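Each chain, written out:
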Amino acid sequence: MGGSGQPRSAASPRPPSDVARIELNSLAHSYAPKVQRPGDYALRPMNLTWQDGGAYALLGPSGCGKTTLLNIISGLIKPSEGQVLFDGADVTALAPEARNIAQVFQFPVIYDTMSVFDNLAFPLRNRGVRGSEIKKRVQQVAELLDLTPDLKYRASGLSADAKQKVSLGRGLVRSDVAAILFDEPLTVIDPHLKWILRSKLKQIHQEFKLTLIYVTHDQVEALTFADQVVVMVDGSVVQMGTPQALFEDPAHTFVGYFIGSPGMNLLPCRLAGSAAYVGDHPVPLGAETLARAQQAVTPESRVVLGIRPEFLGCSAEENTQSGGVAADITAVEDLGNFKIATATLGGTSVKAKLSEDALLTPGRGWLRFPPERTKLYIDDRAV
Ligand code: ATP
């Protein structure tokens, strides 16, 4: 968690009550008063649009800027550069309470001395919602989160899991929110309940069509929850895409490496003729990849070849067809329903994911790089 926020005052204009398309326009943030070098940015300059009703995951390692971005959207932090627009209206100067956004934090934010009912009712009472409506909404949310038996009890007596469910419920109880932001809300929840709650959030998304932004550093959580995953590294968004797009077409080496298990193989190489050379081994490239790479490459470029273990062929039989390269197989692990072969090519270790019945032992072997699955990255960006 980061970003303690700054005191803010409400200002006009007010966003419409059911807004939901959120645009970040040349947005950047530095906690330091002056930006002297790019590394001073907690968030580097970015443009990004979150569509109305989308289920988004914001995925990246600790410290990459996820919480900062979330707090800028909710209004807890005022960005040092750029604007936040809700349906085209500039809300950059608006206080959180004027934004129709609900936020659920990593640790429960609840009032221990109040009953569970009163905790859930709190955001509605704060906005002057009628008593009968409050009762209806609280009962609906309690039902959804299996909190009905706890409604009359004090929150202080609840388990950590149940407290976080109440905290989630407080985020979900308002019907007028344009978006709900979740900052690693299931960290303190036990794994089984985590799975149940994630499915519930998905169900809520499908029923109410709210824009949901869910921060996590766990790829499984991101890929199972979201329609669109926004991957961040080092203060920058490096790709926004469907789980399938992130898997099949990583736009950045970090996405290739971070998503997937094992992650993408990344092999330093150099371009010559129509191939990428990994050490002395030529790996043929697709015509389009080659043409783009030749345009983009400079003598200073860092060129890396990327292939997912799922797409890399590995066998004991000699394979001299296009994409076939001789390599040393150093290990073959049987992981039950698949095998992982590790090989060395040009001094770099690569992994291939094979079917459980693959017949392979360490020793001399052949790798095959299907050209249509072989990506090329120049200075970490896909060509
Ligand atoms: P985590 O997953 O650990 O919560 P994160 O991806 O949410 O990390 P942020 O908390 O947004 O990342 O932090 C981004 C960068 O900004 C980090 O380098 C962090 O140290 C710095 N940072 C965060 N909050 C503050 C603050 N209040 N003052 C100064 N620097 C901060």
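Anything mentioned here points back to the structure above.
Residues numbered from 1 in each chain as written. Predicted model: local features only at pLDDT ≥ 70, side-chain atom pairs only at ≥ 80, totals over all residues. Heavy atoms only, no water.

Peer 1: An account of the sheet that holds strand 8 (residues 211-216) is needed here, citing residue identities and associated values.
Peer 2: Pairing is mixed in the open sheet, where 6 strands are placed in the order 6-7-8-3-9-10. Unpaired on one side and paired on the other, strand 6 (101-104) and strand 10 (236-241) mark the two borders of the sheet. This sheet shows a mean twist of 15° between the axes of neighbouring strands, independent of strand direction. The pairing of strand 7 (residues 179-183) with strand 8 spans 5 bridges and is classified as parallel. Pairing of F182 across the sheet is with Y214, part of strand 8. Its contacts with the sheet put helix 1 (residues 66-74) on strand 3 (55-59), strand 6, strand 7, strand 8 and strand 9 (228-233), and the angle it makes with strand 7 is roughly 155°. (Pairing = 2+ DSSP bridges. Helix = DSSP H or I, 4+ residues; strand = E, 2+ residues; numbered from the N terminus. Axes fitted to C-alpha atoms, helices over the stretch in contact; angles between N-to-C directions. Contact = heavy atoms within 4.5 Å.)

Peer 1: Before we move on, could you go through the packing of aromatic side chains and cite the residues and values that matter?
Peer 2: Counted under the stated rule, the structure contains 7 aromatic pairs. Both rings, one in F247 and one in F311, keep their centres 5.8 Å apart while their planes meet at 65°; by these two values the pair is edge-to-face. With F247 in helix 7 (residues 243-248) and F311 in the loop between strand 15 (303-307) and strand 16 (313-315), this residue pair connects regions lying 64 residues apart in the sequence. Relative accessible area serves as the criterion here: at 23%, F247 is assigned to the partly exposed category. Both rings, one in F254 and one in Y257, keep their centres 6.4 Å apart while their planes meet at 55°; by these two values the pair is tilted. Here F254 and its partner Y257 are both found in helix 8 (residues 253-258), 3 residues apart, which amounts to about one turn of the helix. Judged by its relative accessible area of 13%, F254 falls in the buried class. Among the aromatic residues, ring-to-ring pairing joins F182, Y214 and F225 into one connected group. (Phe/Tyr/Trp six-rings, centres within 6.5 Å; stacked < 30°, edge-to-face > 60°. Buried < 20%, exposed > 50% of the residue type's maximum accessible area, 1.4 Å probe, protein only.)

These figures come from the coordinates and say nothing about function on their own.
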